[in-house]
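Results of the structural survey
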Amino acid sequence: MKEFHLDIPVEPPKELESLFLPIPREYVEDTYRKDEFLVLVGPQHPGSGHMRLIVRVKGDIIQEVIPDPGYVHRCVEKIAENRLYIQNIPLVERPSIMDSANFNLGYVRAIEAAMDIEVPERAKFIRTILAELCRIGTHLYDAAILAVFIGHTTGFMYPFGIRELICESLVRMTGARFTSSFIVPGGVRRDVDEKTLRWVYDATFAIEKRLKSFERIFIKNPTVIARLRDVGVLSKEEAIKFGVVGPFLRASGVEYDTRVVEPYEAYEELTWDIVTADEGDGYARFMVRVNEVSQSLSIIRQCITSMPDGSYISEQIGEVRGNFFDKFADIVLPAGEYTTLTEAARGTLLFTIVSDGESNVPYRMRIVSPGWLYLRGFMEALKGERLADLQAIYGSFGYFPPEADR
Amino acid sequence: MEEFTKFVRGGILGPIKKWGTKWSLWPVHLVTACCGAELAHAFACGYDGERIGALNYGIARQTNLIIVEGAITRKMARVLRITWEQMPDPKFVIVMGACGLNGGIFWNGYNLVKPSEVVPVEFFIPGCPPTPEALLRGIRQLQIKLDKGVAENSVSFSEVKAEKGKKPRILPRGVKKVSLAPCIVIAREKEVEWELGKNLCEKLKVLGRAVITARNRIALKVDPDKLRSSAMKLRDLGFDHVKSVNVVDAPNEGKFIVEYWISSYSVKELMPVLINLHSEISRREPKISSLSDIFPSADYLEREMQDLFGVEFVGNPWKGRFLLAPDAPEAPLRKDFKLQEEVYVGD
Ligand code: SF4
C-alpha cells in the first residue's frame, strides 16, 4: 500500500497528566511525532473485569500494546502472610471465583506436599469432580464474555443458562454457588452422597444437550468464525517463548497439560485426551476450550461411575466436622519451600509456600495465576492486528483481570 | 444548568422522568471484581434482570446507576469517580459484596478503598458473593425508593434470644504464632527416587549448589553475577520459559532471595521438571540482573516483583510502577511493611 505523508502537526493531548499513564512522556511524544496514535482501551470496557490497554496504532494496525494491569490487585500475597494456613483457603479462591475449586486445590496440595498427607481415593475423586465442574464453568463463562465482546447477546445468554446447572451442581455438592472452600488439607469437608452424585451425573447430560444448541447458535456460527479465524495468531515458537499457558498454549500446538505432565488427584486413573490445535488463532483458542468441556464432562461421569468407597478425609487429619478449628488452626509446615502446579481452567497455576517451620502463617506465599502468565503472549498476539480485532482477541484469551492481578 | 435540573426533576415533567428512570435503571458495566460473575448471572437467562428494566450497558453517558461489584482498588477508585461524574442526573450507586461494604476478606489489604468514600452509595448488598436474587432485590429496592422517596431496608431479622442452659462456646482466640527470628531455607534436600533429577543435578553442579527438593523440583543456588550465565546454560539444556519469579524477604539476614522457576515446553522429558534458580542479594542494595532477554516470559513477572519488593532488575527496560497504583505504598511485600492486625473477640 502506498503511504502519503501529510504535514499536519499533531500534538499529544494536553491533559496527558490526568490520564495517569504508566509510560514516560517521551514515549507519547515519540508516538505522535511518528504519525502514530495511542488509543487507550479501558479500564471501563465491555468485558469482564478491568484493565487498560495502551495501544499504539499506525493507521488502524496495532504496533505495540502496553498493558496497564492492577485494577483488581487485591494484595492476596501480602494478606496471606498474615493469616493462618486454613484461613487462606477462602482467600486464594477469590482471584478466580468461577474457578474456585482449582485454586483451592492448588493451595491445599502445597500444604499436603509439605506435611506428607496421603489423600484417600474417594476424596481425590470428589476433588476431581469439583475441579472439572469449575473448569466447565469457567470455559462457559469465557465463552459468554467472548460473545459479549463480539456483540453476540444470545451467545452470552446460552452459556450462562448452562452455567446455572454448574452452579446448581456445586450448590448440591458443597453448599455454595461459587466459592465453596470445600477442599481442605487431607480431603474434603464432607462426604457427598449417592443421590447428589446421581444428580450431577444427570446434569452432565443436560449440559451436553444444551451445548448442542449453543454450538448451532454460536460456536459454528459463520459470523463468529469470521471474527475469530486468523486473528491474533501465536505460533508454536512464540507461545513457548512468551510462556503462554493452558488451553492457549495447546491451541498453538504444544501438548502440555499439568494434569498429564505431573498428574495429581484422580487424573491418572481416568481416560481422557489432551485437546490441542495447530492454528494458534482466536478460533483455535476458543475451540480447544469448547472441546475441553466435553472431555471434562466425560471425566466427571467416569469419576461418578467409578467412585471408590472409603473415607473423605485422610486419617492423619481425622474427622473434621465440628472440630474444624481444632484440627486446622495450628498447622505449622516444616521449614522449606513447596511448589505445586495445577491445571486451572485458564492454564497453569503455580503456588509456592515458603515456611519458616515455626509460625502457623505462611512466611511467603506466591501465586502465579494463569492470566498473569499468558498476559505477555496476549500482548504479542495483538501486534500487527487491526484495532477492530482487539476485542475478538481479548475475548479469545478469556483474560480475567481479577485472576491475573490477584 | 441548575435551573434546568430543577425543572426536570420537579416541574410538570417530574413524574414522567421519575417513572422513566424507575423502569430503565440500566447499570453501567463496571465489573470491578469477582462479584461480577454473579451480576452476569443476574442479567442472564436464569434470573433475567431485564424483567425489572435493568440491563448492563456499556457507556456511562446513558446510564443512571453504577453497580459496584465488590472490591475497589486504588487504581479503580479513580475510574469509579470518573464514571460517576460522567453519568447524567439522577445518579445512583449500589454496592454489592462484602468487599465494597467494608473490605470483606481483603479488609486489611494495602490496595483497597471503600467505595462509600469515593461516591455516595444508595444501597449495600452484603454477601460474598451475593446471590443474583439479592442483587435483583437491591435494584427493586432502588425502584421503591424512587417511588416513595425514602430508602428502606429490604430485610429485617427477628431478634433471637440467647438460649439458657447451653454451654457457651469457647470463642477462638488469636492463635497466630509468628516466629520472631525466622530462618528461611529454600533448598532442603529430600531423598526421592528420581533418576532424571539426579542426572540433571550432576550436570548443574558446575553452576552452583544443586539439590533435589522434591520429586520434579530442583533448587539451584548461584551467585548473583553468575545468574545470567546459569540461565543461558539452562536454556541450552532445553529449558525455555519461566513460570514464576519470586522474591523472599529475609530481613534478619539482611538479604533478598530472588528465585526464577524455570521449566520446559519443548523437551518432553523436561516438561515436569521445575528448576528453582535462585540467588541471594543484599537488602541494602537490592539489584540483580534481569533475565527478561533470555526468557521473555519473565518480563512481566520481574516488573511485578520490582513493584512489590522494590528489587531492581537491571536490564529490564520497564521503569516505574506496573501493577500498583501511583498512590499505593512503596514495596508493600517487604516484611517491614505491616498490615493492620485483626482483633479476636476472646482477646
Ligand atoms: S465480596 Fe467476595 S465475591 Fe465480591 S468481590 Fe469481594 S471477595 Fe469477591
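Residues numbered from 1 in each chain as written. Chains lettered and ligands numbered in written order. Predicted model: local features only at pLDDT ≥ 70, side-chain atom pairs only at ≥ 80, totals over all residues. Heavy atoms only, no water.

The next point concerns the overall build of chain A. A tally of helices and strands in chain A yields 16 helices and eight strands. Its C-alpha radius of gyration of 23 Å places chain A within 12% of the 22 Å reference for a compact globule of 406 residues. Projected onto its principal axes, the C-alpha coordinates of chain A cover approximately 80 × 50 × 35 Å. Counting across all 406 residues of chain A, residues that qualify as buried make up 68%. Long-range contacts, defined as pairs at least 24 residues apart, comprise 70% of the intrachain contacts of chain A with a sequence gap of at least 6. When the accessible area of chain A is evaluated, it comes to approximately 13,700 Å², of which 51% is carbon and sulfur surface. Both charge centroids of chain A, one from 47 positive and one from 59 negative side chains, sit 5 Å from each other. (Helix = DSSP H or I, 4+ residues; strand = E, 2+ residues; numbered from the N terminus. Rg over C-alpha atoms; globule rule 2.2 N^0.38 Å. Buried < 20%, exposed > 50% of the residue type's maximum accessible area, 1.4 Å probe, protein only. Contact = heavy atoms within 4.5 Å. Areas by Shrake-Rupley, 256 points an atom, 1.4 Å probe, with all protein chains shown as cover. Lys, Arg positive; Asp, Glu negative; His and termini not counted. Charge placed at Lys NZ, Arg CZ, Asp CG, Glu CD.)

With that settled, the discussion passes to the overall build of chain B. Per the secondary structure count, chain B includes nine helices and 13 strands. Against the compact-globule benchmark of 20 Å for 347 residues, chain B has a radius of gyration of 28 Å, which places it well outside the compact range. Counting only C-alpha atoms, chain B reaches 85 × 60 × 40 Å along its principal axes. Burial analysis of chain B (347 residues in total) assigns 52% to the buried set. Across chain B, the fraction of contacts at a sequence separation of at least 24, relative to all contacts at a separation of at least 6, is 67%. Only carbon and sulfur atoms are counted for the fraction: they give 55% of the accessible area of chain B, which is about 16,700 Å². Distance from the positive charge centre (50 side chains) to the negative charge centre (42 side chains) of chain B: 4 Å.

In this model, the largest pocket occupies a volume close to 1,100 Å³. Around the largest pocket, the lining is made up of 36 residues, and of these Arg 109 and Ala 113 of chain A together with Lys 190, Ala 214 and Arg 215 of chain B lie nearest the centre. Elements supplying a minimum of two residues to the lining of the largest pocket: helix H4 (100-115) and strand E6 (336-344) of chain A together with strand E7 (209-214) and strand E8 (217-221) of chain B. Of all the elements, E6 of chain A adds the most residues to the lining of the largest pocket, at five residues. A breakdown of the residues in the lining of the largest pocket according to their chemical character gives 15 nonpolar, six polar and 15 charged. (1 Å grid on protein atoms, 1.4 Å probe; cavity = no way out; pocket = protein on both sides within 12 Å on 5 of 7 lines; lining within 4 Å. Points joined across faces, edges and corners; volume = space filled by probe spheres on them. Nonpolar A, V, L, I, M, F, W, Y, C, P; charged D, E, K, R; others polar.)

This part covers unusual backbone geometry. Where the residue is not glycine, phi is negative for most of them; where a peptide bond is considered, it is trans in most cases. With an omega of -10 degrees, the peptide bond between Cys 128 of chain B and Pro 129 of chain B qualifies as cis. Despite not being glycine, Glu 265 of chain A shows a phi value in the positive range, around 45 degrees. Tracing the backbone through its elements, the reader meets Glu 265 of chain A in the loop between helix H11 (258-261) and helix H12 (282-305). With a phi close to 50 degrees, Asp 48 of chain B is a non-glycine residue in the positive phi region. With respect to the helices and strands, Asp 48 of chain B occurs in the loop between helix H3 (36-43) and strand E2 (65-69). Asp 48 of chain B gets classed as partly exposed once you look at its relative accessible area, which sits at 29%.

So, on to the packing of aromatic side chains. In the structure shown here, the tally under the stated rule is 25 aromatic pairs over all chains. Between Phe 378 of chain A and Tyr 399 of chain A, the aromatic rings sit 5.6 Å apart at their centres with planes inclined by 45 degrees, giving tilted as the arrangement. In this pair, Phe 378 of chain A sits in helix H14 (residues 370-382) while Tyr 399 of chain A sits in the loop between helix H15 (390-397) and helix H16 (401-405), placing the two residues 21 residues apart along the sequence. Among the aromatic residues, those joined into a cluster by ring pairs are Phe 149, Phe 248, Tyr 374, Phe 378, Tyr 394, Phe 397 and Tyr 399 of chain A. The aromatic ring of Trp 84 of chain B is capped on one face by Lys 91 of chain B, whose charged end is 4.7 Å from the ring centroid. We note Arg 303 of chain B situated over the ring of Phe 322 of chain B; from NZ or CZ to the ring centre the distance is 4.8 Å. (Phe/Tyr/Trp six-rings, centres within 6.5 Å; stacked < 30°, edge-to-face > 60°. Lys NZ or Arg CZ within 6 Å of the ring centre and 35° of its normal.)

Residues and elements named next belong to chain B. Within E2, five of the five residues are buried, leaving the element largely enclosed by the surrounding structure. Bridge count between strand E1 (residues 27-28) and E2: two bridges; the pairing is parallel. Within E2, the position partnered with Val 28 by the bridge is Ile 66. Bridge count for E2 against strand E4 (residues 92-96) is five bridges, and the pairing is parallel. In the sheet register, Ile 67 faces E4, and the bridge partner there is Ile 94. (Pairing = 2+ DSSP bridges.)

Taken together, 15 residues form the shell around the ligand, and within it Cys 34, Cys 35, Ala 98, Cys 99 and Cys 128 of chain B come nearest. Classifying every residue of the shell around the ligand gives 10 nonpolar, three polar and two charged. (Near = heavy atom within 4 Å.)

The next point concerns the packing of H12 of chain A against H15 of chain A. A pair of packed helices can be characterised by two numbers: the angle between their axes and the separation between those axes. Residues and elements named next belong to chain A. Put simply, H12 and H15 touch, their axes get as near as 9 Å, and they point 25 degrees apart. As judged from the angle between their axes, H12 and H15 are roughly parallel. Both H12 and H15 take part in a crossing whose hand is left-handed. On H15, the residues touching Gly 282, Arg 285 and Arg 289 of H12 are Ile 393, Gly 395, Ser 396 and Phe 397. (Axes fitted to C-alpha atoms, helices over the stretch in contact; angles between N-to-C directions. Parallel < 35°, antiparallel > 145°, perpendicular 65-115°, else oblique. Left-handed = near helix turned anticlockwise from the far one by under 90°.)

Let us now look at the side chain of Glu 403 of chain A. All names here are of chain A. Mapped onto the elements, Glu 403 comes out in helix H16. Taking the relative accessible area as the measure of exposure, Glu 403 reaches 0% and is therefore buried. Polar contacts involving the side chain of Glu 403 include one to the side chain of Ser 96, which spans 3.2 Å. Contacts of Glu 403, omitting those with residues within four sequence positions, involve Pro 95, Ser 96, Phe 103, Arg 346, Ser 369, Pro 370 and Gly 371. (Polar contact = N/O pair within 3.5 Å; in protein donor to acceptor, adjacent residues only side chain to side chain.)

Turning next to the nonpolar core. Soluble globular proteins tend to bury their nonpolar side chains together. By size, the foremost hydrophobic cluster in this structure holds 221 residues, and its most contacted members are Leu 53, Tyr 107 and Phe 378 of chain A together with Tyr 260 and Leu 277 of chain B. If you tally residues by element for this core, the top one is helix H5 (residues 121-149) of chain A, at 16 residues. Counting 20 residues, the second largest nonpolar core, distinct from the first, contains Ala 42, Ile 125, Leu 135 and Leu 146 of chain B. (Core = buried A, V, L, I, M, F, W, Y, C linked by side-chain atoms within 4.5 Å.)

On to the domain arrangement of chain A, then. Residues and elements named next belong to chain A. Parsing chain A into structural domains produces domain 1 (14-68) and domain 2 (76-405). Each of domain 1 and domain 2 was reduced to a C-alpha centroid, and the two centroids are 32 Å apart. The interface is formed by 19 residues belonging to domain 1 together with 18 residues belonging to domain 2. Between domain 1 and domain 2, roughly 1,600 Å² of surface is buried when both sides are summed, and carbon and sulfur atoms account for 72% of that area. Viewed at the interface, domain 2 and domain 1 are joined by one salt bridge. There are four residue pairs in polar contact (both at pLDDT 80 or more) connecting domain 1 and domain 2. (Domains from an automatic or database assignment. Buried area = accessible area lost by both parts, 1.4 Å probe. Salt bridge = Lys/Arg side-chain N within 4 Å of Asp/Glu carboxyl O.)

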